[in-house]
Amino acid sequence: MLFNSIDFAIFLPIVFGLYWLANNKLKLQNILLLVASYFFYACWDWRFMFLLIFSTLLDYFTGLKMSDTNSAGIKKFWFWLSISVNLGFLGVFKYYNFFVTSFADGLSQLGLHVNPWTIRIILPIGISFYTFHGLSYVIDIYKDRIKAEKNFIDYALFVSFFPLLVAGPIERATHLLPQIQRERHFNYAKAVDGLRQILWGLFKKIVIADNCAEYANQIFNHSATYSGSTLVLGALFFTFQIYADFSGYSDIALGTARLFGIELLRNFAYPYFSRDIAEFWRRWHISLSSWFRDYLYIPLGGSRGGTWMKVRNTFIIFIVSGFWHGAAWTFIVWGALNAVYFLPLLLTNNNRNNLETVAQGKTFPTFREFFGILLTFGLTVLAWIFFRAADIHHAISYIAGIFKPSLFSIPEVKPLTVILLVILFVLIEWRGREQPYAIADFGLQWKKPLRYALYYAIIFAIIWFGGKEQEFIYFQF
Amino acid sequence: MRKFIVKIFSFSIVPFILILVPTLLYMKRDVYADFKQYNNYSWKYSFQQLGDLSTKKLLKAPNNKYNSFIFGSSRTTGVYACYLQHKIPNAHFFHYANWNESIGGMDEKLKLLDTLGYNISNVVIYLDTDNTFENDGVCHPSDHYLLTQKSERDYMLSHYKSFFSSLNADKIKILCGMPVSGGIYPNWESDPVTNDCKHFCTDSIIAAYGDVLHDEKFIHKMDSLKANGFLYKRSATQQYRPQQISAGEERMLLNIKRIFDKHNTSYYIVIAPLYDQEKFAPADMAILRRCFGSRLYDFSGINAITNNVYNYPDRKHFQPYISKMILDSVITDKSSVHVQMTKR
């Protein structure tokens, strides 16, 4: 069930109505949300629901076992059991084919030809997200940061809450579980704000991402036939597609959760207005970046050691982050490229220069800020080419295709309406960059008819400019 | 909570009316023929899927009305079912007209006919070297739901969404019941019985089928198309397409053959003479020959038909008289044209 589908438009009001009918009955509300979440997941493929339930049961019981014991050895045993099984599932479903084919390719370079035994299996939707939920929970218990949750319904809801189940944000037990256990009362202002964020998320997904996708796909799929200028346009379209797609999904998820009185972690904070790559990574897919920071980078030593340690840890975290996105060399190169961008800032202690929002309280950035934004954006666009390309060879030929005399020609593909929509989108995002989402305060001071007209205009744009329906990109991860 | 519900309702009144009125008009105009059955499916909306209309027309007919079928892309527009009915005794042809037909589409259509209990006595299939074997042979997503295996609800919803998601002035005119501007599409003129496109089956049409119409105006148009590079120069040496028949598509071909065997069908598999003069890769030809043997007729590549640019009104299609020549050649199976083609 996609967030931008009629099915979801029917599902959400029904669950919302039933949920608030059970006001003041926390247990019933949580059971209802859990059943709704499993139904939501089963709409894709009911068979994989058993994998989700198994993974939930495993982490629930290993959590209890770790909490119940005083023996460090037994605790360690349950910890590694959970980690191995969780990563094992992820490895089989997501990475097995990549490893065997890469191994076979490696052998063939040495003159040994083998037929790799690959498996034909669908990637269970959301597996990377719910596995990471479970892992963070188990690691936190092992490190004595939290106590194991005894109530299975509450724990299962933490893993499977439908707004975040298939594409995040990746929640932490310390943030979400207390909200699940606390009585929730209907809050008018929060519900209206949630709807506003859902509306903005739909605009990003349907109007910006889906329209950009149409041209990005066309240009990337036939890149050999296009001029350099068109290839630049294709890379830009993909840059806005992936941002509007994923941050649009996150906005819908956050808005939906808010309708049920639950606040999810923020996932995006206007990353394309970052002044350097370090700032970009503090603003892009925040829940994943912070997960890797807390559960990988810091345990590895973070930036505390010598230069070699810093370089090693930076490469590890970025490459693992790239690999998390997909089992392909393109994602690994994308991660490595970002590590290369990031390292100079880290080694010169300039990685925490830009912690505040750019041009706070001002309309325009300074020239220095503007130049920083432009440079960071350019580097990001270049890295996205690897992310989008079919393989490394395609990415390299795409980049080579850009740097030709035809770079200065008029692009063959000129979707003016889409370009204007993207410009409008960037302007609205710039205006709202100090807010949790771009239209959080837009028009709130206006009179009701004018404010409604703004929302109607966004709905109208969604219907009028709605591109061809595409799945959310991050579902595949 | 009450305040919230009241607010939702008050906010929704305007969009509700704005959605309800066009939806009711959309149902009344029934542009995709989803809500009612019709005697005439010949409409001129370019966004309608020709294959979908063909299926709807077929489903409306009793299953003993037809025993012979034509399958293929828009290149079959020149295959006149009415002419074939004269040529093959007791044949009642239905032209299963479609755009960009894939092998999977043909396979699904034959399976549907088989399931519906049709007697499939004669079949003419046009294979295109450029687009019959694409996307692993999947049936066109906007084809009828009985072919794509979508639910009826999803199928109707996809029509509704595709109509409103790219709304334009013409579509608004359609909703208001006004005539639309612009071109005339082949499905505007389809024969009510045979479903032939671009013409109605009359004696005069059949009599003029083989006429080579190269009047001065046409020659002038073709010469200017040649001069400005639209009808580009082809390679002097025979070119082959990369191998394109996937394992899945091969299974579809075998399934088609299985249906033919089951019905003891007289079938004619024609590889169309396209302007690009490219032939199937030898490996693909081997698969086709394995499936259809001597019933495969190859008119593609460099030959007398494709060398003559006047046989092509545009780069993608050829003139109806070429199809007549092909049909005369393969149905008697003694034509010098055929022998000449397959020798290459």
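Residues numbered from 1 in each chain as written. Chains lettered and ligands numbered in written order. Predicted model: local features only at pLDDT ≥ 70, side-chain atom pairs only at ≥ 80, totals over all residues. Heavy atoms only, no water.

Points about the domain arrangement of chain A
Residue and element names in this part refer to chain A.
Alright, step 1. Per the domain assignment, the segments making up chain A are domain 1 (6–186) and domain 2 (189–275 + 354–476).
Alright, step 2. Put simply, the middle of domain 1 and the middle of domain 2, counted by C-alpha atoms, are 29 Å apart.
Alright, step 3. Taken together, the contact pairs 28 residues of domain 1 with 20 residues of domain 2.
Alright, step 4. Summing the contributions of domain 1 and of domain 2, the shared interface buries around 2000 Å²; its carbon and sulfur component is 74%.
Alright, step 5. Three residues, Pro-163, Ala-167 and Pro-169, lead the burial of domain 1 against domain 2; their summed loss comes to 24% of the area buried on that side.
Alright, step 6. Taken together, domain 1 and domain 2 are joined by 0 salt bridges.
Alright, step 7. Summed over the shared surface of domain 1 and domain 2, the result is 5 residue pairs in polar contact (both at pLDDT 80 or more).
Alright, step 8. Listed by contribution, the elements that provide at least two residues to the side of domain 1 that touches domain 2 are α1 (6–21), α7 (162–165) and α8 (173–181).
Alright, step 9. With 6 residues, the top contributor of residues to the side of domain 1 that touches domain 2 is α1. (Domains from an automatic or database assignment. Contact = heavy atoms within 4.5 Å. Buried area = accessible area lost by both parts, 1.4 Å probe. Salt bridge = Lys/Arg side-chain N within 4 Å of Asp/Glu carboxyl O. Polar contact = N/O pair within 3.5 Å; in protein donor to acceptor, adjacent residues only side chain to side chain. Helix = DSSP H or I, 4+ residues; strand = E, 2+ residues; numbered from the N terminus.)

A word on the interface of chain B and chain A
Alright, step 1. Between chain B and chain A, the contact holds 16 residues from the first and 19 residues from the second.
Alright, step 2. Regarding the contact of chain B and chain A, the summed buried area is about 1700 Å², with carbon and sulfur atoms giving 69% of it.
Alright, step 3. Where chain B touches chain A, the interface holds 1 salt bridge.
Alright, step 4. Across the pair A:Asp7 and B:Arg153 runs a salt bridge, and its minimum N-O distance is 3.0 Å.
Alright, step 5. For the pair chain B and chain A, the interface holds 3 residue pairs in polar contact (both at pLDDT 80 or more).
Alright, step 6. Of all the secondary-structure elements, those providing two or more residues to the side of chain B that touches chain A are α1 (2–29) and α6 (152–165) of chain B.
Alright, step 7. When residues of the side of chain B that touches chain A are assigned to their parent elements, the largest contribution, 8 residues, is made by α1(B).
Alright, step 8. In the side of chain B that touches chain A, the residues fall into 10 nonpolar, 2 polar and 4 charged. (Nonpolar A, V, L, I, M, F, W, Y, C, P; charged D, E, K, R; others polar.)

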